[in-house]
Amino acid sequence: MRDLKFILQQKYETSRALVIGINSYQKVAPLGYAVNDAKEIGETLVNDLGFDKSNVTYLLDSEATREKILRSFLRFSNDDVKVDDRLFVFFAGHGHTRSGVRGEVGYLVPYDADLEDFSTFIRWDELTRNAELIRAKHILFVMDACYGGLAVYRDMKPGSSRFLRDMYQRFSRQVITAGKANEVVADSGGPLPGHSVFTGHFIEGIRGKAANEYGFITASGLMAYVYSKVANDINSAQTPHYGQFDGDGDFIISAPDSGSESEDGTTDNDDLITIPYAEEIRDVQTTEEKVEYLKELISSDSLQIKLHDYVIEEVRRFLSSTSEDNFAVNGKFSDEELLERISAYESHTKDLSAIVACLSHWASDNQLNSLSKIISRSCDRLLENQGGLVVWVNLRWYPLLLLVYSAGIAAIERQNYKSLSTIFYTKLGVSIHESNESLFVQKVADSAGELADVFKRVPEHERNFTPMSEYLYKILQPGLDDLFFLGKGYERKFDEFEILFALVTADLNKQNNSYYWGPVGRFGWKGRRMGISPFQKLRSEAAQLKDNWGPIRAGMFGGSYERFEEVAETYQNDILAKLRWF
């Protein structure tokens, strides 16, 4: 059989829906908002998502019998439903779970169900099996009911990226339910008056709150949004269950202005969609627990594969939580918004900062590849030019500054200069605007230069000579001290990292015949009035050891002390000596 992706179009031909809502049951306790939920969902499909009203089938209260629900669903197996159609199925009503010898079995409870007779229920897998008869490439089931027995999986891992048009050409069957077995669905108290908690958040999601930066809403993104909102709603005691039970495509809820070609018709301009993480608060690992597990993985080279998988999963989580879906690059600037973004970036980077610090501190030669991969994958999306407010675009690099400082200070604390060299010289991808691969240290140093003065807007840093450096010096100390018990040695290690950061950047700029520059940290003003500066101390240490000095042995500065000394001398005379802070 020919692969579906060569048959399916990069769009939908017809959008269809079956919408079911049951308040009043024959023999089961009534519900209060199921019918309202169903009607509002149907109207939203028509008014907001472009469904033709004639293609939306309603079954409300007494119409929603077992026979009519199955007949209406199987009607989509008829020949008029084409492979490029999409089908949306919504059910608001009671759900039920019964334990069988092979596990839980989930049921929908139709209008005419008898609780004493399971033959009057609708088994969930009866719908999934019959879905095989429906040609529509994408089906999304949305069930405002709680039950178990759903055999679903997450084929598209959160944090992964998929091309939008490719998703149109991949088969998918997806589902989200309001809760799991034995949970009580909140039939009221949601964010929208007259609707359940689940459907209220769902409606808000498809009306735009689940959209990414470019306005796209996919089923995966919507499901993650609804999961986070419902699981953490103060009026909810339920945890949605979601995933796919067939295929690897994605139901496209909304894709505004998604063209396939450039104006001259020669360029394939597809949109890359990032699959978000659900913001799971319940049963989540703490940073401390993650660090303890990482230490177990680092302790043996035989756990190399598990280490790789673990750090990549954390990178996926980091990328999803710090994406432009959560940090829009457009909008007005304000000091309040700046401080909120800085704080939010720090919160979302906390776990990965601790992980990369521990890995940088203890990594063996065989584990350096995992360290490099964390850096390179974390930078991928930042390499392309992006429009927006300049300060918000530049601030996207702030999490990477947190990572490099955390990892760098940790490496220096243990004199693991191979880790530091690996981080600095990690090769990044090539963007369409560059002909050569860039190195991480240059990119992150450039971002530090762009952000330096922004931190003057942070309270108590308005008059600092190096506000960003002073800010990082303070906020990173507690976490690093908890990990490595640095004590009073923290300041010396912080200064050494910033000096190497600056000189490696300046060295690479010089080798590339570009502007000779490296970011100036707080070391730049220390020792200017009295005493020996950290910069001079580091040069003296290097002069004593020369090619046996740790950074040189790790390959920095081309593995040459003479090259280091030349760069340090030039940096001292052309940059530090010309600063006019005093």
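Our subject is the structure that appears above.
To keep things clear, this report deals only with the structure shown in the data block. Treat the numbers as computed from the prediction; the structure is a model and nothing was measured.

Rules used throughout
- Here, residues in each chain are numbered from 1, in the same order as that chain's written sequence.
- Local features in a predicted model are, by the rule used here, given only for residues with pLDDT of at least 70; side-chain atom pairs are given and counted only at 80 or more, and totals for whole chains, interfaces and linings are based on all residues.
- With hydrogens and water set aside, each side-chain value is computed from the structure's full complement of heavy atoms.
- Helix and strand labels come from DSSP, where a helix needs a run of H or I of at least four residues and a strand needs a run of E of at least two; each type is numbered from the N terminus.
- One less than the number of residues in a helix, times 1.5 Å, gives the span that helix is expected to have.
- Salt bridge criterion: a side-chain nitrogen from Lys or Arg within 4 Å of a carboxyl oxygen from Asp or Glu.
- Partly exposed describes any residue whose relative accessible area lies between the buried limit of under 20% and the exposed limit of over 50%, with all areas from a 1.4 Å probe on protein chains only and scaled to the type maximum.
- For this analysis, a nonpolar core means a set of buried residues of the types Ala, Val, Leu, Ile, Met, Phe, Trp, Tyr and Cys, connected via side-chain atoms within 4.5 Å.
- A pair of strands is labelled paired if DSSP reports no fewer than 2 bridges between them.
- The axes used here are C-alpha line fits, helices contributing only the stretch in contact, and every angle between their N-to-C directions lies in the interval 0 to 180 degrees.
- Here the word oblique covers every angle except those under 35 degrees (roughly parallel), over 145 (roughly antiparallel) and from 65 to 115 (roughly perpendicular).
- Definitions for this section: a left-handed crossing has its near helix turned counterclockwise from the far helix by less than a right angle. A right-handed crossing has that turn clockwise.
- Any two residues whose heavy atoms approach within 4.5 Å are treated as being in contact.
- Throughout this entry, Asp, Glu, Lys and Arg are counted as charged residues, while Ala, Val, Leu, Ile, Met, Phe, Trp, Tyr, Cys and Pro are counted as nonpolar. The remaining residues, Gly among them, count as polar.

Before going further, it helps to spend a moment on helix H15 (residues 467–484). Taking 1.5 Å of rise per residue, 18 residues should cover 26 Å, and H15 covers 25 Å from first to last C-alpha, within 8% of that figure. Where H15 ends, the next residue or the one after it, Phe485, has phi of about 50°, a positive value.

What follows concerns the pattern of salt bridges. One pass over the structure, following the stated rule, counts 29 salt bridges. With a closest N to O distance of 2.2 Å, Arg71 and Glu67 form a salt bridge. In this pair, Arg71 and Glu67 both sit in helix H2 (residues 66–74), 4 residues apart, roughly one turn of the helix. Residue Glu67 is classed as exposed on the basis of its relative accessible area of 52%.

What follows is about the nonpolar core. Formed by 100 residues in total, the largest nonpolar core has its most connected members in Tyr398, Phe424 and Tyr571. Considering every element that reaches this core, the biggest residue donor is helix H12 (residues 398–413), with 12 residues. Among the nonpolar cores identified, the runner-up in size contains 45 residues, and Ala34, Val35, Ala38 and Leu164 belong to it.

Taken in spatial order, the 3 strands of this open sheet run S4-S5-S6, and their pairing is antiparallel. In the strand order of this sheet, the two ends are held by strand S4 (95–100) and strand S6 (122–123), each with one partner. Note that strand S5 (residues 103–108) and S6 share 2 bridges and pair antiparallel. Within S6, the position partnered with Tyr107 by the bridge is Arg123.

Turning our eyes to something else, we now look at the packing of helix H7 (residues 287–298) against helix H8 (residues 304–321). Close contact between H7 and H8 brings their axes to 9 Å; oriented N to C, the two are set at 150°. With respect to H8, the element H7 is oriented roughly antiparallel. As for how H7 packs across H8, the hand of that crossing is left-handed. Packed against H7, whose contacting residues are Lys290, Tyr293, Leu294 and Leu297, the element H8 presents Lys306, Leu307, Tyr310, Val311, Glu314 and Arg317 at the interface. Taken together, the residues that form the contact of H7 with H8 break down as 6 nonpolar, no polar and 4 charged.

For the rest of this paragraph, the subject is the packing of helix H9 (residues 335–362) against helix H10 (residues 368–379). The N-to-C vectors of H9 and H10 enclose an angle of 145°; their axes lie 10 Å apart at closest approach. The interaxial crossing formed by H9 with H10 has left-handed handedness. Contacts from Leu352, Val356, Leu359 and Ser360 in H9 reach Ser370, Leu371, Ile374 and Ser378 in H10. Its residues placed into classes, the contact of H9 with H10 shows 5 nonpolar, 3 polar and no charged.

Okay, H12 next. Counted at 1.5 Å a residue, the expected span for H12 with its 16 residues is 22 Å, and the 23 Å between its end C-alpha atoms agrees. In terms of burial, H12 is a largely internal element, 15 of the 16 residues being buried. Downstream of H12 by a residue or two, Gln415 has a phi angle that is positive, lying close to 55°.

For the rest of this paragraph, the subject is unusual backbone geometry. Notably, Asp61 is not glycine yet its phi reads approximately 50°, a positive angle. Relative to the helices and strands, Asp61 is located in the loop between strand S2 (56–60) and H2. A relative accessible area of 22% means that Asp61 is categorised as partly exposed. Phi is positive for Gln415, which is not a glycine, with a value near 55°. Mapping Gln415 onto the fold places it in the loop between H12 and helix H13 (417–424).

Let us look at the pairing of S5. Bridge count between S4 and S5: 6 bridges; the pairing is antiparallel. Its bridge partner being in S5, Thr97 is matched across the sheet by Gly106. In textbook terms, the turn of a hairpin is the stretch between consecutive antiparallel strands, and for S4 and S5 this stretch comprises 2 residues.

Keep in mind these values describe shape, not function.
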